Every structure is written in C-alpha cells, then in structure tokens.
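One letter stands for each residue in the lines below.
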Amino acid sequence: MGRILLVIRLALRDLRRRRTEAVLLLIAILAATTTLTLGLVLRDAAGDPYESTRAATKGPDVVANVGQAADLAGLGKLATASGVTEHSGPYPVIAGKLEASGRTSDVQVEGRDATVAAVDQPEVTRGGWVSDGGVVFEAAFADSLDVGVGDSVTLGGRSFKVVGVAVTAAMPPYPGASCIVSAGCVNGAVPDDRDLPTGLLHNPGLVWLIQADVRSLASDRSSLSYVMNLKLADPDEAQAFVDRNGDAMPMQTWESILTDATDLARDSQILLLIGAWLLGLLAVASLSVLVGGRMADQTRRVGLLKAVGGTPSLVAAVLLAEYLLVAVVAAAAGLTIGALTAPLLTESSAGLVGSAGTASLTWSTIGLVTAVALGVAVVATAVPAVRAARSSTVSALADAARPPRRTGWLITVSARLPVPLLLALRVAARRPRRVALGVASIAVTVSGIYVLMVLNAFLGDQPSTGAYTEAQVAVLRHVLLVWTVILLSLSAVNAIVITWATVLDNRHASALARALGATPQEMTVALAAAQVLPALAGAILGVFPGGWALFAAINAITGGDSDKATLPAPWQLIGLVLATVLAVAALSAVPAHLGGRRPVTATL
C-alpha cells in the first residue's frame with residue numbers, strides 16, 4: 001500500500017508542476033471519450049420522445065394490417081388471441097394523392113371514429129379530432145407541407161378542411177411512416193432514371209378522416225385495406241406474439257416502430273462513432289509526442305529517482321501513473337459531457353411529443369469508454385516510460401544532449417540548402433518516429449475532413465429527394481459540426497504539442513547552432529519548417545489514399561451507395577492541402593518563436 005501511495009503522490013506532484021501539459025493531455029483524451037460517449041448513448045436519448053408519445057396516445061404493442069375485406073376474419077381472430085388485452089379497429093385505410101400548399105404528396109388515409117379509442121388514440125397537438133368533412137394531419141407530415149388548422153386541402157378530388165394536427169405511436173413520423181395499404185410503399189430517395197410501379201406510394205404521409213369519408217373516397221371495396229391496434233398483457237412479448245401469429249398478415253411491433261422512429265439518431269450515431277475512433281487515433285499520436293517530449297524534459301528527474309533507490313519498475317510506474325490518472329479523469333468527464341449533450345444532437349420531431357432526455361449510462365458504456373481512455377494512455381506511454389526507467393542513472397543525471405545521427409545522404413542533400421531548411425531537415429531527421437506520428441496525425445485529420453466534405457455535399461441534396469426533411473438535415477449537419485470542431489481542435493493541439501516537443505528535444509542542438517552563427521529568426525523558421533514538411537506529406541496522404549479509403553470503409557460498414565455521393569473537386573482538394581499546410585505553419589509559429597529565442601548560455 002505504501003508503494004502505491006508513493007507512486008500516486010509523485011504522479012500528482014508532477015502533474016501540478018506541469019499544469020499546461022496536463023491540460024493538453026486531458027483535452028486530447030477528453031475529445032475521444034466525449035465523442036465515443038455521444039455515439040454510444042445518442043440513440044437511447046432519442047428514444048425518449050417516442051416513449052412519451054406512446055404513453056400519451058395509449059400506443060399499441062402490435063399493429064396488424066390486411067389488404068382486403070376478405071381477410072377481416074383474420075383480424076377478428078387476432079383480437080381474441082392469447083395475450084391480447086385490448087384492441088382498436090379494424091379501421092379502413094386507402095392510398096391517395098393529397099394536394100396542399102401547391103404540392104402533391106402520396107398519403108395513407110385512415111378512417112377513425114370520433115370517439116376515443118381504447119388503443120392508439122392520437123394525441124391532438126393543435127385543433128381537434130376528426131369530424132365530418134374534416135381531416136387531421138400527422139404532425140410531422142403537416143410540418144413538412146406547412147399545413148395548419150383551418151387550411152383547405154384536396155384529397156381524391158374532394159376538398160377537406162384541416163381540423164387538427166396529431167401525433168401517434170402506431171407508426172414512425174413522416175417521412176419514415178409504415179406502410180399499411182395494399183398498394184405498397186417505398187421510403188427514401190428514388191434514382192432519377194428509375195420509375196416507380198403504378199400505384200406504389202413514395203414517402204407517404206398519414207392523415208385521418210371519419211370512416212364514412214374514407215369509404216366514400218374508395219373507388220370500390222377492393223381498394224380498402226384495414227389496420228388493427230393491439231395491446232398485450234406483456235409488451236416485451238410483442239415479437240414473440242408476432243412470431244406466433246404473423247404468418248397470415250403483416251405485423252409490426254412497438255420495438256420496430258421505435259427503431260424506425262429513431263432512424264435519424266442511428267445515422268448520427270454512426271457518424272459519431274466513426275469520429276470517435278478517428279479522434280482516438282489522434283489522441284494516441286498526441287499523447288505519444290507529448291509523452292516523448294516530457295520524458296526528454298524529465299531525464300534528470302528519472303536519474304534522481306533512481307539515485308535515491310527507486311527501482312526501474314517504480315520509476316516506470318510513476319511515469320505511467322500520471323498519464324493513467326489523467327485518462328481516468330478524462331473518461332469520467334467524457335461520460336458526463338456526452339450524456340448531458342446527447343439530447344442536443346437529436347431531432348425534436350414534430351411527429352412526437354416531449355424531447356430527448358439525458359441518456360442513462362450503462363455499465364457497458366462506462367467500461368468501454370474507460371477502457372478506451374486507459375488504452376490510449378497505455379499505448380502512448382508504455383514504451384517511452386519503460387525506456388526511460390531502464391536508462392543509466394549516471395547518463396540520466398548528466399542530462400547530456402543526444403548525439404546526432406550521421407546520415408550521409410541527408411548531409412549531402414542539406415549542405416547546399418539555405419540555413420533554415422538545412423536545420424529543419426536535420427531537426428526532423430533526429431526524431432524519425434516523431435515525424436511519422438506528425439504525418440499520421442495530419443493524414444487522419446485530412447481524411448476526416450475529406451469525408452466531412454463528401455457528407456456535407458450529400459446532405460445538401462437530401463431535402464429534394466425526400467430521404468430526409470430539412471429539419472433532419474439540420475440535425476445531421478449539427479453532428480458533422482461537432483465532429484469537425486473536435487477534430488480540428490485536437491489536430492491544432494497535436495500541431496502545437498509536436499512543435500513544443502521538438503523545441504524541448506532540440507534545445508541543446510538549437511543553442512549550439514546559434515553559438516555557431518545561426519540567428520534566432522533562422523532557428524524559428526527551421527523549427528516551424530520541421531513541422532510544415534511532414535504536414536504537407538500528411539495532407540497529400542490524407543486526400544489519397546486516406547480520405548478515399550475512409551469513405552470506402554464507411555460505405556462498407558453502413559451499406560451505403562458511393563455512386564450517390566459527390567466527391568470533392570480537384571480544386572477543393574488542392575485548397576484543403578494548402579489550407580492544412582498554412583494552418584500547421586501558423587500553429588507552429590508561436591512555440592517555434594519561443595524556442596528559437598531561448599538564451600544560448602543558459603541552455604548550454
């Protein structure tokens with residue numbers, strides 16, 4: 001126990017002495033854990049409005065429908081089946097065309113009674129319930145058409161007055177409504193070169209009339225379909241009930257309706273999880289560089305610990321402990337922030353009541369996020385910590401400058417270059433692994449931005465296709481914005497951390513170069529150029545093959561069609577590469593300027 005307390009006390013003291021670096025460590029891991037938490041809990045938070053709607057409307061556990069009157073007997077048997085406690089219907093349904101606000105839309109028209117139903121009584125949010133000559137719109141459908149109470153619409157060649165707007169838990173909100181008509185339906189975008197079969201409904205909405213009006217709109221009895229809503233003794237047995245009784249007719253459980261109602265959250269969840277793993281890679285790169293820089297700055301402290309009796313294992317434990325402590329704090333903060341902000345990234349659908357609530361954190365979510373945080377810290381820290389702990393006590397106490405590697409071809413190439421570029425190449429060559437991490441960090445960032453450009457262009461085309469409403473596109477764009485801000489922020493931290501680690505590692509070499517005649521301005525340019533050259537290589541690799549490969553992987557995971565996506569134009573990619581290089585140059589300038597002006601005498 002005493003050994004553990006000693007390790008923790010030394011780790012906490014070191015964190016207090018280097019607060020800026022501790023904050024950078026925290027930010028790097030926090031970005032990954034917050035995004036991962038958002039991706040894991042978003043769909044749970046999005047399910048709250050459906051649960052509220054289900055409670056307010058006496059939502060069904062199972063919805064069954066048949067395509068013609070001859071099958072009504074099957075619905076009658078279903079109403080008395082084992083496990084059913086209540087039912088409403090069967091209600092007649094027809095497919096039709098609705099004209100409103102200068103637009104024509106496919107619609108499913110359901111006939112209802114003016115009295116309150118025992119199961120699935122839609123909750124009126126504006127106006128009143130169905131009446132003779134009056135139509136009630138499903139709320140998300142009304143919102144999409146910009147229809148309100150008192151407006152007139154045309155249905156089947158007849159004019160109806162909008163008397164109300166309501167929500168239901170018996171089907172997902174528009175444009176993802178279930179199909180309950182025999183004609184069939186298709187939801188989502190339809191390619192321009194493909195014609196739908198005659199009579200098939202495309203992205204149909206839902207409206208309610210009294211049953212007499214629905215029957216009067218039907219051309220004949222065969223055009224009527226029927227729907228029934230069932231309440232079970234045990235809602236959790238809904239799928240088992242469908243498995244036992246669903247051979248003769250289509251049925252949908254409340255769980256499947258919930259899944260469809262939170263379809264947008266699923267898309268947001270996929271985007272966030274992809275972003276979380278990208279940020280995890282960036283966090284590893286950031287920590288690896290930061291740890292390497294801190295180890296170079298802690299060489300003498302390692303020697304002191306070993307000189308007073310610390311074993312290599314104790315020294316390694318002390319060096320690892322401070323990073324693991326930061327990882328635990330980042331995991332806790334990421335879980336809290338992710339759970340609290342998840343409702344802000346879900347759509348407050350007009351087709352549901354209530355709003356998304358704070359997601360509950362399951363033990364699996366807590367365990368996964370914590371494991372990722374600790375894994376990032378261990379992967380980035382273990383090798384440098386063990387290497388430092390196994391170093392010689394005498395050499396650690398001396399804290400001498402690292403002897404430069406003599407590379408013949410590099411000396412030949414750099415000898416004729418201007419002094420800043422000569423020094424930049426030699427600075428980069430001293431730490432090839434750090435250069436590789438810098439290239440990888442920029443490549444991951446640019447790959448993410450490449451995919452963001454593709455997704456942003458794709459979302460811009462969606463409202464016109466009917467796959468997403470404008471409100472849903474806005475929600476997905478908010479998700480992309482969160483992803484972009486966190487990605488760019490962590491990339492900026494990486495650029496600053498890499499430059500500062502380079503400054504620390506080259507403090508002796510920089511002082512010697514200045515003693516031999518290099519000016520502070522030349523050292524500043526050299527230190528910044530040592531970051532810009534890897535950034536250029538990383539940006540090019542991030543565009544191709546990085547961005548292309550990441551987009552292909554996302555399509556493979558989600559089952560998407562890459563033919564529907566518009567890839568960035570060449571001028572956009574060139575602009576992305578140039579912007580990346582300029583951004584890295586700007587971020588590197590300040591730490592490089594500080595490092596280039598350190599007093600030579602004090603350093604040597």
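Model, not experiment: these values are computed from the prediction. (Residues numbered from 1 in each chain as written. Predicted model: local features only at pLDDT ≥ 70, side-chain atom pairs only at ≥ 80, totals over all residues. Heavy atoms only, no water.)

A.B. asks: Honestly, the environment of threonine 104 in this entry has me stumped. Any pointers?
C.D. replies: Here threonine 104 is to be found in strand E3 (residues 103-112). A C-alpha to C-alpha distance of 9.5 Å links threonine 104 and leucine 145, two positions 41 residues apart in sequence. (Helix = DSSP H or I, 4+ residues; strand = E, 2+ residues; numbered from the N terminus.)

A.B. asks: Please clarify how the side chain of serine 105 should be interpreted in this entry.
C.D. replies: Note on placement: serine 105 falls in strand E3. Note on serine 105: relative accessible area 10%, which makes it buried. If we ignore the near neighbours within four places in the chain, the residues touching serine 105 are Gly96, Lys97, Leu98, Phe141 and Leu145. (Buried < 20%, exposed > 50% of the residue type's maximum accessible area, 1.4 Å probe, protein only. Contact = heavy atoms within 4.5 Å.)

A.B. asks: Would you mind going over the packing of aromatic side chains with me for this structure?
C.D. replies: Between two aromatic rings, the relevant description is the distance of the centres plus the angle of the planes. Applying the stated criterion to the full structure yields four aromatic pairs. When the centroid spacing of 5.7 Å and the interplanar angle of 50° are considered together, the rings of tryptophan 129 and tryptophan 208 count as tilted. Residue tryptophan 129 is located in the loop between strand E4 (123-127) and strand E5 (134-138), and its partner tryptophan 208 is located in strand E10 (residues 205-210); the two are separated by 79 residues in the primary sequence. Of the two residues examined, tryptophan 129 and tryptophan 208, each falls in the buried class. Ring pairs connect the aromatic residues Phe137, Phe141 and Tyr174, which therefore count as one cluster. (Phe/Tyr/Trp six-rings, centres within 6.5 Å; stacked < 30°, edge-to-face > 60°.)

A.B. asks: Explanation requested: the nonpolar core in the structure shown.
C.D. replies: Burial of nonpolar side chains together is a common tendency in soluble globular proteins. Counting residues in each nonpolar core, the largest one holds 67 residues, and the members touching the most others are Leu98, Phe137, Leu155, Val207 and Phe241. Excluding residues that lie within four positions of it along the chain, phenylalanine 137 makes contacts with Leu98, Ala142, Leu145, Val147, Val153, Val162, Gly164, Val165, Ala166, Leu206, Val207 and Trp208. (Core = buried A, V, L, I, M, F, W, Y, C linked by side-chain atoms within 4.5 Å.)

A.B. asks: Sorry if this is basic, but what is going on with the pattern of salt bridges here?
C.D. replies: Note that side chains of opposite charge can pair when their charged atoms are close. One pass over the full model with this rule turns up five salt bridges. One salt bridge in this structure joins glutamate 110 and arginine 112, with 3.2 Å as the shortest N-O distance. A residue is classified by how much of its surface remains accessible, and arginine 112, at 2% relative accessible area, is buried. A salt bridge links aspartate 120 to arginine 112; the shortest N-O distance between them is 3.3 Å. Here aspartate 120 and arginine 112 have matching classes, each one buried. The network of salt bridges with common partners includes Glu110, Arg112 and Asp120. (Salt bridge = Lys/Arg side-chain N within 4 Å of Asp/Glu carboxyl O.)

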